[in-house]
Amino acid sequence: MANVVRKSGLGAAGYPAVFAGFLFALAGGLYGQGAGSEYPMKRVADMFQPLSRPAEMIHGSAVMVLWVTGGIFVVVTALLVYILLKFRKKETDDGSEPPQIYGSSHIELAWTVIPILITVVLILVTSRTIGEIQNAKMPENALKVRLVGHQWWWEVHYPELGIITANEVHVPVSDRDPAKARPTHFELQSADVIHSFWVPQLAGKTDLVPNRTNETWIDPYEPGVYFGNCAEYCGTQHANMLLRVIVHTPEGFEEWVRQMKAPVAPPATPDEIAGHRLFYDTSCVNCHKVDGTVAEGVFGPDLTKLMTRQTIGAGVAPLDDKNLWQWVKDPQVLKVGCLMPDMQLTDKETDLIVAYLKTLE
Ligand code: CUA
C-alpha cells in the first residue's frame, strides 16, 4: 500500500492545489461574457450574474448555501488532512494495536444536532425564497406570455397582443424600481411530456406539465439576449430545446410588436409563387400555421413571421440561407430525431420552398 501512495506524483499539498485550479477554471468559464452588440448575448448558465428579481433572490439563497456548505467542506477536508498526516504510520511504530475507544455521547450529539440545525436553516431560507417568488403580485401592466412546451421546441403566445411565435420570447425591459417595473408573467403548459423553463439569469426552473398550468415571471433589468433551455429531460432532442429571451427597450418592444402584427407581403417573384404553391400542396400545412392562409397546423411552430427569428430548430442553428435550406431538405441532418420528417423534396423543390419561406417576415 505504502509503495502505491509514494509512486503517485502528487504529495499532500498537490491535491488541494489541483482542486483549487479546477475551481478557478470553472469560475472563469461561468463568468465569461458574450460579444457586445445592440442586444448583447447573455450566456447560459451564468447564474452568478442575475439580472432579474427572481434570479436575484435565488442567487442570494444559492450564495448563502454555497458559503455554508463550502465552510463545512473546508472544515471536514482540513480535519481529514490533519488526521491523515498526524496519524499515518511512522518509522517508530511497533505494530501493536492502538487503544480501542467505543462511543462518545458528546461527539455523537454534536454531529447529529449541528447538521440538523444547519439543514433547518437552509430549508427555511429556501422556502422563503420560493414563497416570495411564487406569491409575488403581478402589476396591472405586466406582459402576459403563454409558453407551451413541445418535443422539442417552445410555442410562444401573447394572448393580449394576438401574436404567436416560437423559441424566442420578446419582452420589454423592466426596472429595479417597482414603481417603474414592467414584468413578464408566464403561463407554462405542455403539449406532450414534462419540460422545464429555465433562463438562469432571469428566473429559476419551473416545470411545464401536461394538463396543468404553472406560472413564473421575470423582470429583466437590462436589454439583451438571454439564453435558456429545457431543464427536464424530455426525449432525444432535450439538449436542443433551447430558448432565447430577447429583452428590448420599451420602444424596441413596441417596434417588434408592430413588425409582428404587420401583414406579410404576398409572394411576388416566380420562385416565391411556385414555392408558395408547393408549400400548400405538400404536407407542410398539416403541421405549420401561416396566418391568413390555409396553413392551420398547430403541431409544429407557427411560421407566419419565420424570418424574424434568430435561429432554426429551437436554437439548433442560426437562421441563415444555408441552414434554412438544409432544414427544409432534411431536418434530421441538423436535429436527429426531431418530429419533422424528411419530406423527400428534390433540391429544386427545396429551393422554391425556401424562396417562399423567406417572404415570411
Ligand atoms: Cu423539453 Cu427537455
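Before any of the text, the structure's been laid out above.
About the thresholds
Here the residue numbering is sequential within each chain, running from 1 through the sequence in written order. Since the coordinates come from a predicted model, pLDDT governs what is reported: local features require at least 70, and pairs of side-chain atoms require 80 or more to be given and counted, while whole-chain, interface and lining totals use all residues. With hydrogens and water excluded, all non-hydrogen atoms of the structure serve as input to the side-chain values. In DSSP terms, a helix is any run of H or I states spanning at least four residues, a strand is any run of E spanning at least two, and both are numbered starting from the N terminus. For every residue, the accessible area obtained with a 1.4 Å probe (protein chains only) is divided by the maximum for its type, and the residue is called buried under 20%, exposed over 50%, and partly exposed between those limits. Expected span of a helix: the number of residues minus one, times 1.5 Å. Contacts are assigned to residue pairs with any non-hydrogen atoms lying within 4.5 Å of each other. All axes here are fitted lines through C-alpha atoms, helices being fitted over the stretch that makes contact, and every angle between N-to-C directions spans 0 to 180 degrees. For this classification, under 35 degrees means roughly parallel, over 145 means roughly antiparallel, 65 to 115 means roughly perpendicular, and everything else is oblique. In a left-handed crossing the near helix is turned counterclockwise from the far helix by less than a right angle, and in a right-handed crossing that turn is clockwise. Side-chain classes follow a simple rule in which Ala, Val, Leu, Ile, Met, Phe, Trp, Tyr, Cys and Pro form the nonpolar group, Asp, Glu, Lys and Arg form the charged group, and the remainder, Gly included, forms the polar group. Pairing of aromatic rings covers Phe, Tyr and Trp, the last counted by its six-membered ring, and requires centre-to-centre distances within 6.5 Å; plane angles under 30 degrees mean stacked, over 60 mean edge-to-face, and any other angle means tilted. Charges are assigned to positions over rings by a cutoff of 6 Å between ring centre and Lys NZ or Arg CZ, combined with an angular limit of 35 degrees from the ring normal. Pairing between strands requires that DSSP locate at least two bridges from one strand to the other. A pairing counts as a salt bridge when a side-chain nitrogen of Lys or Arg comes within 4 Å of a carboxyl oxygen of Asp or Glu.

## Things to note about the overall build of the chain
Point 1. Helix and strand counts for the chain come out as ten helices and 13 strands.
Point 2. Burial status across the chain gives 37% buried among its 361 residues.

## Details of helix α3 (residues 53-86)
Point 1. Taking 1.5 Å as the rise per residue, α3 with 34 residues should run 50 Å; its terminal C-alpha atoms sit 49 Å apart, in good agreement.
Point 2. Of the positions making up α3, those classed as buried are P54, A55, M57 and S61.
Point 3. Against the buried residues of α3 lie α4 (105-134), β8 (203-208) and β9 (214-218).

## Comments concerning unusual backbone geometry
Point 1. A cis amide bond links Q151 with the next residue in sequence, W152, at an omega value of -10°.
Point 2. Assignment of secondary structure puts W152 in the loop between β2 (143-150) and β3 (153-158).
Point 3. The phi angle at A314 is positive, at roughly 55°, despite the residue not being glycine.
Point 4. Mapped onto the fold, A314 is located in the loop between β12 (311-312) and β13 (317-318).
Point 5. Non-glycine residue Q344 carries a positive phi angle of around 60°.
Point 6. Turning to its location among the elements, Q344 is positioned in the loop between α9 (331-334) and α10 (347-357).
Point 7. By relative accessible area, Q344 is classed as exposed at 63%.

## A few points about the packing of helix α8 (residues 321-329) against α10
A pair of packed helices can be characterised by two numbers: the angle between their axes and the separation between those axes.
Point 1. Contact geometry of α8 with α10 gives a least axis separation of 9 Å together with a crossing angle of 120°. Regarding the angle of α8 to α10, the classification is oblique. Note on packing geometry: the crossing formed by α8 with α10 is right-handed. Between α8, through L324, W325, V328 and K329, and α10, the contact on the second element is made entirely by D347, T350, D351, I353, V354 and L357.

## A short note on the packing of helix α6 (residues 270-281) against α10
Point 1. Between α6 and α10, whose axes approach to 7 Å, the crossing angle comes to 100°. Relative to α10, the element α6 lies roughly perpendicular. Residues D271, E272, A274, G275, H276, L278, F279 and Y280 of α6 lie in contact with α10, whose contacting residues are K348, E349, L352, I353, A355, Y356 and L357.
Point 2. Among the residues forming the contact of α6 with α10, the class breakdown is nine nonpolar, two polar and four charged.

## Regarding α4
Point 1. End to end, α4 covers 43 Å across 30 residues, agreeing with the expected 44 Å (1.5 Å per residue, within 8%).
Point 2. Taken residue by residue, α4 has L122, T129 and I133 as its buried positions.
Point 3. Lining the buried residues of α4 we find α3 and β9.

## Description of the packing of aromatic side chains
Point 1. Inspection of the entire model under this criterion finds six aromatic pairs.
Point 2. A centroid spacing of 5.4 Å and a plane angle of 55° characterise the contact between F279 and Y356, whose relative ring orientation is tilted. With F279 in helix α6 and Y356 in helix α10, the pair connects residues that are 77 residues apart, well separated along the chain. As far as the burial class goes, F279 and Y356 line up, both buried.
Point 3. Look at Y280 and Y356: their rings are 5.9 Å apart centre to centre, the planes differ by 65°, and that puts the pair in the edge-to-face class. Here Y356 lies in helix α10 and Y280 lies in helix α6, a separation of 76 residues in the sequence. Both residues of the pair, Y280 and Y356, belong to the buried class.
Point 4. Three or more aromatic residues link up through ring pairs in this structure, and these residues are Y158, F253 and W256.
Point 5. Here K86 stacks its cationic end above the ring of F87, 5.8 Å away from the centre of that ring.
Point 6. Note that K205 overlies the ring of W198, its terminal NZ or CZ placed 4.5 Å from the centroid.

## With respect to the pairing of β2
Point 1. Within β2, six of the eight residues are buried, which leaves the element mostly enclosed by the surrounding structure.
Point 2. Both β2 and strand β6 (residues 184-190) contribute to a ladder of seven bridges, which runs parallel. Paired with V145 across the two strands is F186, which belongs to β6.
Point 3. Two strands pair when backbone bridges link them, and β2 and β3 are joined in this way by five bridges, in the antiparallel orientation. Each bridged residue has a counterpart across the sheet, and for L147 the counterpart in β3 is V156.
Point 4. Linking β2 to β3, which pair antiparallel, is a turn of two residues.

## Focus on the pattern of salt bridges
Point 1. By the definition in use, this model includes seven salt bridges.
Point 2. The salt bridge partner of D347 is K329, with a shortest N-O separation of 3.1 Å. Residue D347 is located in helix α10, and its partner K329 is located in helix α8; the two are separated by 18 residues in the primary sequence.

## Section: the environment of G252
Point 1. Residue position: G252 is located in helix α5 (residues 250-261).
Point 2. Of the residues examined, G252 reaches a relative accessible area of 17% and is grouped as buried.
Point 3. Considered as a pair, G252 and P223 are 29 residues apart in the sequence and their alpha carbons are 9.6 Å apart.

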